[in-house]
Amino acid sequence: MIDPIALRSLLGLTGPVVVEGTEYTAENVETEIFLEQYRVLEDQGADAQIARRDRLSKIARAAIEALETGGWDAADLLDALRLAVAGRHVLAFADGETEQAGWVGAGLS
């Protein structure tokens, strides 16, 4: 699970991503998610909320895909995520005991 605070950290490392024509950067992702997405939703009904959540998922997916392309240093990743992890803005879990123990040890569970 990842929230806008963690997204800001990731985008600071990987650079911007574009989702549905909007560029999300470390500088604007929180404002876009916490404020702007609500301004563009005319109807706050169920369909609008589904669309909003779908967009959030796409933004997170794009950030993870950017991370998976590489080009960053592992130490930089740890630095970028340190505050997000400490604030529990990014969480990870695994089905396997060994993998889960790793997430627990890293403070990400």
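For the structure itself, look to the data block above.
Okay, so let's go over this structure.

Description of the overall build of the protein
And step 1. Scanning the protein from N- to C-terminus turns up 5 helices and 2 strands.
And step 2. Sequence-ordered secondary structure for the protein, helices as α and strands as β, is α-β-β-α-α-α-α.
And step 3. In the form shown here, the protein has an accessible surface area of approximately 6900 Å², with 55% of it arising from carbon and sulfur atoms.
And step 4. Positive and negative charge centroids in the protein, built from 9 and 19 side chains respectively, lie 6 Å apart.

Points about the nonpolar core
And step 1. Membership of the largest hydrophobic core comes to 21 residues, with the highest contact counts inside it found for Leu-7, Leu-10, Leu-11, Val-17, Tyr-24, Val-29 and Ile-59.
And step 2. Of all the secondary structure elements, the ones that give two or more residues to this core are helix 1 (4–14), strand 1 (17–19), helix 2 (29–39), helix 3 (46–68) and helix 4 (74–86).
And step 3. When residues in this core are grouped by element, the largest group, 6 residues, is from helix 3.
And step 4. The residues touching Ile-59, leaving out its near neighbours within four places in the chain, are Leu-7, Val-19, Tyr-24, Val-29 and Ile-33.

What about the pattern of salt bridges?
And step 1. All told, the structure shown has 4 salt bridges when counted by the stated rule.
And step 2. Between Glu-20 and Lys-58 there is a salt bridge, and its shortest N-O distance comes to 2.9 Å. Of this pair, Glu-20 sits in the loop between strand 1 and strand 2 (22–24) while Lys-58 sits in helix 3, and the two are 38 residues apart along the sequence.
And step 3. Taking relative accessible area as the criterion, Lys-58 reaches 30% and is therefore assigned partly exposed.
And step 4. The salt bridge involving Asp-54 is made with Lys-58; its shortest N-O contact spans 3.3 Å. Taken together, the positions of Asp-54 and Lys-58, both in helix 3 and 4 residues apart, correspond to about one turn of that helix.
And step 5. When salt bridges that share partners are traced, they join Glu-20, Asp-54, Arg-55 and Lys-58 into one network.

With respect to the side chain of Thr-25
And step 1. When you line up the elements, Thr-25 lands in the loop between strand 2 and helix 2.
And step 2. Owing to a relative accessible area of 14%, Thr-25 belongs among the buried residues under this scheme.
And step 3. Setting aside residues up to four positions removed in sequence, Thr-25 forms contacts with Leu-11 and Pro-16.

Rules used in this analysis
- Residues numbered from 1 in each chain as written.
- Predicted model: local features only at pLDDT ≥ 70, side-chain atom pairs only at ≥ 80, totals over all residues.
- Heavy atoms only, no water.
- Helix = DSSP H or I, 4+ residues; strand = E, 2+ residues; numbered from the N terminus.
- Areas by Shrake-Rupley, 256 points an atom, 1.4 Å probe, with all protein chains shown as cover.
- Lys, Arg positive; Asp, Glu negative; His and termini not counted.
- Charge placed at Lys NZ, Arg CZ, Asp CG, Glu CD.
- Core = buried A, V, L, I, M, F, W, Y, C linked by side-chain atoms within 4.5 Å.
- Buried < 20%, exposed > 50% of the residue type's maximum accessible area, 1.4 Å probe, protein only.
- Contact = heavy atoms within 4.5 Å.
- Salt bridge = Lys/Arg side-chain N within 4 Å of Asp/Glu carboxyl O.

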